[in-house]
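These are the residues of each chain, in order.
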Amino acid sequence: MSHQSIIPQTPLESKEHEDHYNKICKDYNHLMETMPKSNGWRVEHLYNYNGFWINPIYIKANLLLHAYFKPQPTDIFLASFMKSGTTWLKALIFSTLTRHLYSFSDHYLHHHGPQSTFPFLDSECESYPISDFTHMCSPRLFATHFPRTLLPESMASCKFVYLCREPKDVLVSKWVFMSKLREKDLPPFSLDEAFDLFCEGVSDYGPFWEHVLSYWRPSLESSEKILFLKYEEVKRQPEVVVRRLATFMGVPFTTEEVEKGVVENIVKLCSFENLSNLEVNKKGVEKFGKVEVENREFFRKGVIGDWRNYLSDEMKQRIDGIIDEKLKGSALIFGA
Ligand code: A3P
């Protein structure tokens with residue numbers, strides 16, 4: 001399946017708007033003809049856009065985001081590499097920030113999938129015109145998989161919660177997920193192929209190591225703007241992480257809340273066991289642009305170290321060697 005040129009779908013408000021949008025379309029079409037491409041996981045090809053392997057839909061989205069998205073200084077972004085536990089963090093962030101609005105016995109998350117709690121910016125920018133999001137209460141929450149270097153400089157005043165995960169677990173989780181969503185006219189996608197591509201840096205929003213470093217480095221300089229988290233630490237100490245999240249977002253828990261068990265209630269509400277067994281997460285569907293994903297696909301095993309059931313010793317050695325090399329000198333390490 002080849003990419004499609006973008007043409008205006010709706011009448012534009014003025015000649016100036018039209019010219020601006022046409023220029024973006026031209027840039028996009030030019031990029032599609034000039035960027036290196038490689039095999040995709042879900043779609044046929046990923047393109048190397050400013051150093052990252054991106055699905056064409058999100059290259060267009062990135063251009064529209066730069067042109068039309070207006071960040072506010074109070075915005076909070078959940079940025080993550082795909083399959084690092086975004087769904088979980090969405091639930092934790094949302095229920096922490098809105099803890100005064102819902103009771104834990106009848107909560108929004110009992111009836112809605114975590115993906116619906118706040119917009120996934122990459123999909124929201126897929127088509128013109130993008131929403132202006134001015135209806136959202138402050139602080140506005142957004143999720144994105146874009147690396148920091150592909151986001152506008154104007155977001156520097158916003159806060160980012162970045163979530164990453166041990167790369168072998170990411171690889172396995174992503175292969176299972178993308179294989180299920182893979183376009184039907186494409187040949188099957190083996191774990192061996194996914195493994196080789198991942199090691200070359202080729203997977204949606206990859207290279208993995210460039211993605212994590214794009215947030216890791218600035219997080220060392222401005223920890224008040226970027227909270228850098230790993231899936232494994234959320235798993236090991238969820239209460240500690242939820243308290244850090246609340247403080248980072250500017251809504252720390254009061255002593256009274258802590259004594260009343262609010263932190264534990266949030267952790268329990270958002271646990272894999274609780275969320276994955278809710279009817280809405282067993283049967284519900286979420287739309288991301290044109291792609292529909294069943295909520296249950298976001299809940300597989302939710303454990304650390306499942307890669308051991310998929311990767312050989314040789315594969316482990318190879319991927320660990322690559323990650324060590326790429327992260328050398330950064331002080332960022334992954335265990336497990
Ligand atoms: P596995 O495939 O290893 O089970 P994302 O939300 O970024 O797509 O990541 C999905 C991964 O997070 C999946 O990992 C999924 O099972 C896991 N996950 C989802 N909800 C979780 C939760 N509440 N607690 C722990 N892990 C969770």
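Residues numbered from 1 in each chain as written. Predicted model: local features only at pLDDT ≥ 70, side-chain atom pairs only at ≥ 80, totals over all residues. Heavy atoms only, no water.

1. Description of the side chain of Arg182
This is how it is decided: Helical segments are the DSSP runs of H or I of at least four residues, strand segments are the runs of E of at least two, and each set is numbered from the N terminus. The cut-offs for exposure are 20% and 50% of the maximum accessible area for each residue type, with area from a 1.4 Å probe on protein chains only; residues under the lower value are buried, those over the upper are exposed, and the others partly exposed. Think of it this way: Lys and Arg go in the positive column, Asp and Glu in the negative one, and His and the chain ends go nowhere. Whenever Lys or Arg places a side-chain nitrogen within 4 Å of a carboxyl oxygen from Asp or Glu, that contact is recorded as a salt bridge. Polar contact criterion, stated in full: a pair of N or O atoms within 3.5 Å, where within protein one must be able to donate a hydrogen and the other to accept it, and residues adjacent in sequence count only if both atoms are side-chain atoms. Residue contacts are counted whenever heavy atoms from the two residues lie within 4.5 Å of one another.
Looking at the element boundaries, Arg182 is found in the loop between helix H6 (167-181) and helix H7 (191-199). Buried charge without a partner: Arg182 forms no salt bridge, and the closest opposite charge is Glu193, 5.3 Å away. Only 3.4 Å separates the side chain of Arg182 from the backbone oxygen of Gly40, close enough to count as a polar contact. Setting aside chain neighbours within four positions, we find Arg182 in contact with Gly40, Trp41, Arg42, Pro187, Pro188 and Phe189.

2. As for the sheet that holds strand S5 (residues 141-144)
The criterion, for reference: Following DSSP output, two strands are said to pair if at least two bridges run between them. Axis lines are fitted through C-alpha atoms, for helices just across the contact stretch, and the angle between N-to-C directions can take any value from 0 to 180 degrees.
Across the sheet, four strands lie side by side as S5-S4-S6-S7; this open sheet has parallel pairing. Strand pairing shows two members of the sheet lacking a second neighbour, S5 and strand S7 (226-230), which therefore form its edges. The sheet shows a mean angle of 20° between the axes of neighbouring strands, taken without regard to direction. Direction of pairing for strand S4 (residues 76-80) relative to S5: parallel, over a ladder of four bridges. The residue of S5 that forms the bridge with Leu78 is Ala143. Across the sheet, helix H3 (residues 86-97) is in contact with S4, S5, strand S6 (159-164) and S7; its angle to S4 comes to roughly 160°.

3. Digging into the environment of Met155
By the secondary structure assignment, Met155 is in the loop between S5 and S6. The class for Met155 is buried, based on a relative accessible area of 0%. When the C-alpha atoms of Met155 and Phe77 are compared, they prove to be 9.4 Å apart, with 78 residues separating the residues in sequence.

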